Amino acid sequence: MYIALIVILALACLFFGVKYIKVTEENDNVKAVLFKGLTTVCCIVIAAIAVFHTTDKYFAVLIMFGVFFGFLGDELLALRFVFTEKFSLFFLTGALSFLVGHVFYLIALYSIAPKAWIAAIPLLISTLILEMQNSKKHTLNMGKLFIPLAGYCAFVCFMGCTAVGSAIFNFSLGTLLFAIAGMSFIISDSILSVQCFSGNPSNGKNRALHVFYWLAQLLIALSPMFL
């Protein structure tokens, strides 16, 4: 029964995601807030179902909170296009919400793989070097947002690298899904940086970053069921 519900929710996530991308390309920013939120709500419900179908409820509850703060981040980031005079405020608060969500993910990961940092640190160094090369390649201009966004980027990279470390030190299908999700988060945020700060946004970049982002949230929401 619950498997069928998860399949329906995953399909609903896809449907709302496609609707979101369509309305953003039509510059209907109010509908974008609605459909972006509904897409992540599907992931929250999946994460809630996982709480009751996992061997590690503590891990699952942390994941549910992480996805919830992802939902808040989604809505705040979408609202920056509705209230353009407060663009930077909504961008920063949205990033902060995502940061809180990633803290919950990190706590969850280290609860099942305390040694994950051993792999995460060298991976993080390599990832940050790639991020700097990406920034130079696209001549990103973040202005006054450079320091907070650089810190946020480093934290997201650390979470993604920790997810890979957790799969190395405590392998299961669940940690493998989380590792793929962690890398998807890093890719999504890299594309987002180019989309927002290169002066050359495009529909293609917008589609790509959301495909990787929703893949990450969906896999993370599912991961507790496969530990």
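Located above this text is the structure these notes cover.
Residues numbered from 1 in each chain as written. Predicted model: local features only at pLDDT ≥ 70, side-chain atom pairs only at ≥ 80, totals over all residues. Heavy atoms only, no water.

### So, the overall build of the protein chain
A tally of helices and strands in the protein chain yields eight helices and zero strands. For the protein chain, the succession of helices and strands along the chain, N to C, is α-α-α-α-α-α-α-α. Computed over the C-alpha atoms, the radius of gyration of the protein chain is 17 Å, within 12% of the 17 Å expected from 2.2 N^0.38 for a compact globule of 227 residues. For the protein chain, the residues scored as buried account for 49% of the 227 residues in total. For the protein chain, the proportion of contacts with a sequence separation of at least 24, taken over those separated by at least 6, is 76%. Accessible surface, the protein chain as shown: approximately 10900 Å² in total, 75% of it carbon and sulfur. Averaging the locations of the 13 positively and 9 negatively charged side chains of the protein chain gives two centres separated by 4 Å. (Helix = DSSP H or I, 4+ residues; strand = E, 2+ residues; numbered from the N terminus. Rg over C-alpha atoms; globule rule 2.2 N^0.38 Å. Buried < 20%, exposed > 50% of the residue type's maximum accessible area, 1.4 Å probe, protein only. Contact = heavy atoms within 4.5 Å. Areas by Shrake-Rupley, 256 points an atom, 1.4 Å probe, with all protein chains shown as cover. Lys, Arg positive; Asp, Glu negative; His and termini not counted. Charge placed at Lys NZ, Arg CZ, Asp CG, Glu CD.)

### Concerning the nonpolar core
Taken as a class, soluble globular proteins show a tendency for nonpolar side chains to be buried jointly. Ranked by size, the top nonpolar core spans 54 residues in total, and within it Ile 46, Ile 63, Val 67, Tyr 105, Phe 178, Phe 185 and Ile 220 carry the most contacts. Contact partners of Phe 185, with chain neighbours within four places excluded, come to His 102, Tyr 105, Val 156, Met 159, Tyr 213, Ala 216, Gln 217 and Ile 220. Grouped together as the second largest cluster of nonpolar side chains are five residues, Ala 120, Leu 124, Cys 157 and Cys 161 included. (Core = buried A, V, L, I, M, F, W, Y, C linked by side-chain atoms within 4.5 Å.)

### Observations regarding the state of the cysteines
Scanning the model with the defined rule gives zero disulfides in all. Between Cys 43, a cysteine without a disulfide, and Cys 13, which holds the nearest cysteine sulfur, the sulfur-to-sulfur distance is 4.1 Å. (Disulfide = S-S within 2.5 Å.)

### Quick notes on the packing of aromatic side chains
Taken as a whole and assessed by the stated rule, the structure comprises 14 aromatic pairs. Here Phe 15 and Phe 16 contribute two aromatic rings whose centre-to-centre distance is 5.5 Å and whose plane-to-plane angle is 65°, an arrangement assigned as edge-to-face. Geometrically, the ring pair formed by Phe 59 and Phe 178 is edge-to-face, given 6.2 Å between the ring centres and 70° between the ring planes. Separated by 119 residues along the polypeptide, Phe 59 in helix 3 (residues 57–79) and Phe 178 in helix 7 (residues 173–197) bring together distant segments of the chain. We classify Phe 59 as buried; its relative accessible area is 1%. Every member of this aromatic cluster is reached through a ring pair, and the members are Phe 59, Phe 98, Tyr 105, Phe 178, Phe 185 and Tyr 213. (Phe/Tyr/Trp six-rings, centres within 6.5 Å; stacked < 30°, edge-to-face > 60°.)

### What to know about helix 5 (residues 116–137)
Spacing of three or four residues puts side chains on the same side of an α-helix, whose turn is 3.6 residues. Across its 22 residues, helix 5 extends 31 Å between first and last C-alpha, which sits within 8% of the 32 Å expected from 1.5 Å per residue. Ala 116, Ala 119, Ala 120, Leu 124, Thr 127, Glu 131 and Asn 134 are the residues of helix 5 that are buried. Looking at the buried residues of helix 5, the elements they touch are helix 4 (87–112), helix 6 (146–169) and helix 7. Of the residues one or two after helix 5, Thr 139 is the one with positive phi, at around 50°. (Expected span 1.5 Å × (residues − 1).)

### Points about the side chain of Ser 223
Position of Ser 223 relative to the elements: it lies in the segment after helix 8 (203–222). A polar contact of 2.7 Å, which involves the side chain of Ser 223, links it to the backbone oxygen of Ile 220. When sequence neighbours within four positions are dropped, the list of residues in contact with Ser 223 reads Phe 59, Gly 174, Leu 177 and Phe 178. (Polar contact = N/O pair within 3.5 Å; in protein donor to acceptor, adjacent residues only side chain to side chain.)

### Focus: the environment of Leu 219
Its location among the elements puts Leu 219 in helix 8. Sequence spacing of Leu 219 and Cys 43 is 176 residues, and the spatial spacing of their C-alpha atoms is 8.9 Å.

### Quick look at the packing of helix 2 (residues 29–51) against helix 3
Helix packing for two helices is described by the angle between their axes and how far apart those axes are. The contact between helix 2 and helix 3 brings their axes to 9 Å, and the two run at 175°. When the interaxial angle is binned, helix 2 and helix 3 end up roughly antiparallel. Taken together, the residues of the contact of helix 2 with helix 3 sort by class into 17 nonpolar, three polar and four charged. (Axes fitted to C-alpha atoms, helices over the stretch in contact; angles between N-to-C directions. Parallel < 35°, antiparallel > 145°, perpendicular 65-115°, else oblique. Nonpolar A, V, L, I, M, F, W, Y, C, P; charged D, E, K, R; others polar.)

### Some remarks on a nonpolar patch on the surface
Together, Trp 117, Ile 118, Ile 121, Ile 125, Ile 129, Met 132, Ile 168 and Phe 169 line one region of the surface with nonpolar side chains, adding up to about 790 Å² of accessible area. Elements represented by at least two residues in the nonpolar patch include exactly helix 5 and helix 6. No other element matches helix 5, which puts six residues into the nonpolar patch. With respect to the helices, strands and loops of the structure, Ile 125 is situated in helix 5. (Patch = residues over 30% accessible without salt bridge, like charges linked within 9 Å, V, L, I, M, F, W, Y side chains within 5 Å. Salt bridge = Lys/Arg side-chain N within 4 Å of Asp/Glu carboxyl O.)

### Some words on unusual backbone geometry
Apart from glycine, the bulk of residues carry a negative phi angle, and the bulk of peptide bonds sit in the trans form. Unlike most non-glycine residues, Asn 27 shows phi in positive territory, near 60°. Within the secondary structure, Asn 27 sits in the loop between helix 1 (2–25) and helix 2.

### Here's the deal with the packing of helix 4 against helix 7
Viewed as axis vectors pointing N to C, helix 4 and helix 7 meet at an angle of 160°, and their least axial separation amounts to 13 Å. Judged by the angle between their axes, helix 4 and helix 7 are roughly antiparallel. Of the two elements, helix 4 crosses helix 7, and the hand of that crossing is left-handed. For the pair formed by helix 4 and helix 7, the contact residues are Phe 91, His 102, Tyr 105, Leu 109 and Ile 112 on the first element and Thr 175, Phe 178, Phe 185, Cys 196 and Phe 197 on the second. (Left-handed = near helix turned anticlockwise from the far one by under 90°.)

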